Amino acid sequence: MGLVDDNKNKEKDAPQESGGEGGDASFHATDQDDDNDDENKLHLGPQCSLKEQLEKDKDDESLRKWKEQLLGSVDINNIGETLDPEVKFLSVAIVAPERPDIVLSIPEDGKPQGLWFTLKEGSHYRLKFFFQVSNNIVSGLKYTNTVWKSGLRVFSTKDMIGTFSPQQEPYTHEMPEETAPSGFMARGSYTAKSKFIDDDNKCHLEINYTFDIRKDWSSKE
C-alpha cells in the first residue's frame, strides 16, 4: 500500500524515482526476507487480563496513575477477563492534497476483490487507518508492507503505529507522507501484502491486494 517515504526510521528497500516519461523503473528487485525477524522479536512475560493488571498494582500510586492516563475513559467494568487484545481494522483512506480522500473498506478476510485502488505516478499521499481495540491493551502495533511487480519483490517497509488501550470509539492513525514512483517502467499492476503485528508477534490482520500506478488517478494508461 505504501511505496516510497523519506522517514528515516523505516526499514525498507527504497526504490529510486525516475526523471521522465521513458525513465528507468522506480522499483528494483530485492531478495530480502521480510518474515525473517526472529532475532528482533521481543519475548514478553505471561499475559494477564486488563483487570488483573490493574488489580495487582492498585497499591502502587504511581503505577495506578500511569495506567489511568494510558486507559483514559475506558470503562473497566466492560472490558471483561479476556487476555488477548482484539484489533479490528475498519477502513483505510488514501489522503492526497490534489484530490478527495479515497476511502477503502477492509474485508474481514483481508482479501479485497479485484483492483483495490489506483495511484497517480509521482503523487504525494498518506495512508490513514481506522481501527478499533477491545478486550486488552495492544502493545507495539506495527505495520509492514511488501510489494511485487511481475513476480519480483520491489519494495518493503515497516512502520510503528503504537500502543493502544481498549475503547468503544475507533482510533485514527495517519502514516508519514509517501511519494508514488514515476516513469514509464513504474506504471502497471502490482501485488502487495500488508500486515499488522503487535509485540507478542500476533498478526491482527493480513491484507493481500492488487493496485495500479497510472498517469492519473483514474487513468487506464
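Nothing here was measured: the structure is a model prediction, and the numbers come from that model.

The rules behind the values
Residues numbered from 1 in each chain as written. Predicted model: local features only at pLDDT ≥ 70, side-chain atom pairs only at ≥ 80, totals over all residues. Heavy atoms only, no water. Core = buried A, V, L, I, M, F, W, Y, C linked by side-chain atoms within 4.5 Å. Buried < 20%, exposed > 50% of the residue type's maximum accessible area, 1.4 Å probe, protein only. Helix = DSSP H or I, 4+ residues; strand = E, 2+ residues; numbered from the N terminus. Contact = heavy atoms within 4.5 Å. Pairing = 2+ DSSP bridges. Axes fitted to C-alpha atoms, helices over the stretch in contact; angles between N-to-C directions. Polar contact = N/O pair within 3.5 Å; in protein donor to acceptor, adjacent residues only side chain to side chain. pLDDT = per-residue confidence, 0-100. Salt bridge = Lys/Arg side-chain N within 4 Å of Asp/Glu carboxyl O.

Novice: What exactly am I supposed to notice about the nonpolar core here?
Specialist: In terms of nonpolar packing, the biggest core is built from 38 residues, with Met1 and Phe131 touching the most fellow members. For this core, the secondary-structure elements that each account for two or more residues are strand S1 (86-95), strand S2 (102-105), strand S3 (115-120), strand S4 (124-134), strand S5 (138-149), strand S6 (152-164), strand S9 (188-197) and strand S10 (203-214).

Novice: Could you clarify how one ought to interpret the side chain of Thr144 in this entry?
Specialist: Along the chain, Thr144 turns up in strand S5. Non-local contacts of Thr144, meaning those with residues more than four positions away in its chain, are made with Thr157, Lys158, Lys193, Ser194 and Lys195.

Novice: So what exactly am I meant to see when it comes to the sheet that holds S6 here?
Specialist: Paired through their backbone hydrogen bonds, the strands of a sheet run either parallel or antiparallel. Taken in spatial order, the 5 strands of this open sheet run S3-S10-S9-S5-S6, and their pairing is mixed. The open sheet is flanked by S3 and S6, the only strands paired with a single partner. The mean angle between the axes of side-by-side strands here comes to 25°, regardless of whether they run parallel or antiparallel. Pairing analysis gives 10 bridges linking S5 to S6, with the strands arranged antiparallel. Across the sheet, the residue bridging to Val147 is Phe155, located in S6.

Novice: Explain the environment of Ile106 to me, please; I cannot follow it from the model alone.
Specialist: Within the secondary structure, Ile106 sits in the loop between S2 and S3. Under the relative-accessibility criterion, Ile106 is labelled buried at 9%. Every residue in contact with Ile106, bar those within four places of it in the chain, is listed here: Phe89, Leu90, Ser91, Val92, Trp116, Leu205 and Ile207.

Novice: Looking at this model, I keep getting lost on the pairing of S4. Mind explaining?
Specialist: For a regular strand, the rule is simple: side chains alternate between the two faces of the sheet. Only one face of S4 is covered, namely the one carrying Tyr125, Leu127, Phe129, Phe131 and Val133; the face carrying His124, Arg126, Lys128, Phe130, Gln132 and Ser134 has none of its residues buried. Strand direction decides the pairing type here: S1 and S4, joined by 9 bridges, are antiparallel. Looking at S4, one finds that Val95 is bridged to Arg126. The pairing of S4 with strand S8 (residues 178-179) spans 2 bridges and is classified as antiparallel. Note on S8: the bridge partner recorded for Tyr125 is Glu178. Bridge count for S4 against strand S7 (residues 167-174) is 5 bridges, and the pairing is antiparallel. Across the sheet, Val133 pairs through a bridge with Gln167, a residue of S7.

Novice: I tried to follow the side chain of Thr179 on my own but got confused; where do I start?
Specialist: Topologically, Thr179 is positioned in strand S8. Classification of Thr179 by relative accessible area gives buried; the value is 12%. At 3.1 Å, the side chain of Thr179 forms a polar contact with the side chain of His124.

Novice: When you look at the confidence of the model for the protein chain in this model, what are you seeing that I'm missing?
Specialist: Note: predicted coordinates in regions of low pLDDT should not be interpreted at a detailed level. Within the protein chain, residue pLDDT values average 78, and 63% of them lie at 70 or more. Note on residues 5-32: pLDDT is under 50 here. Beyond four places in sequence and across chains, it has 74 contacts.

Novice: Just checking my understanding: could you explain the environment of Gly151 for this structure?
Specialist: By the secondary structure assignment, Gly151 is in the loop between S5 and S6. Judged by its relative accessible area of 65%, Gly151 is exposed. Residues Gly151 and Tyr190, 39 residues apart in the sequence, show an inter-C-alpha distance of 8.9 Å.

Novice: Any chance you could explain the pattern of salt bridges here in plain terms?
Specialist: Side chains carrying opposite charge are able to pair once their charged atoms draw close together. The final tally for this structure, using the stated rule, is 6 salt bridges. Ionic pairing is found between Asp199 and Lys142, a salt bridge with its closest N-O pair at 3.5 Å. You can see Asp199 sitting in the loop between S9 and S10 and its partner Lys142 sitting in strand S5, a full 57 residues away along the chain. A single salt-bridge network, built from bridges that share partners, covers Arg126, Lys128 and Glu174.

Novice: Before we go on, may I ask you to explain unusual backbone geometry in this structure?
Specialist: The phi angle at Asn135 is positive, at roughly 80°, despite the residue not being glycine. A positive phi angle, near 65°, is found at Asn201, a position not held by glycine. Within the secondary structure layout, Asn201 lies in the loop between S9 and S10.

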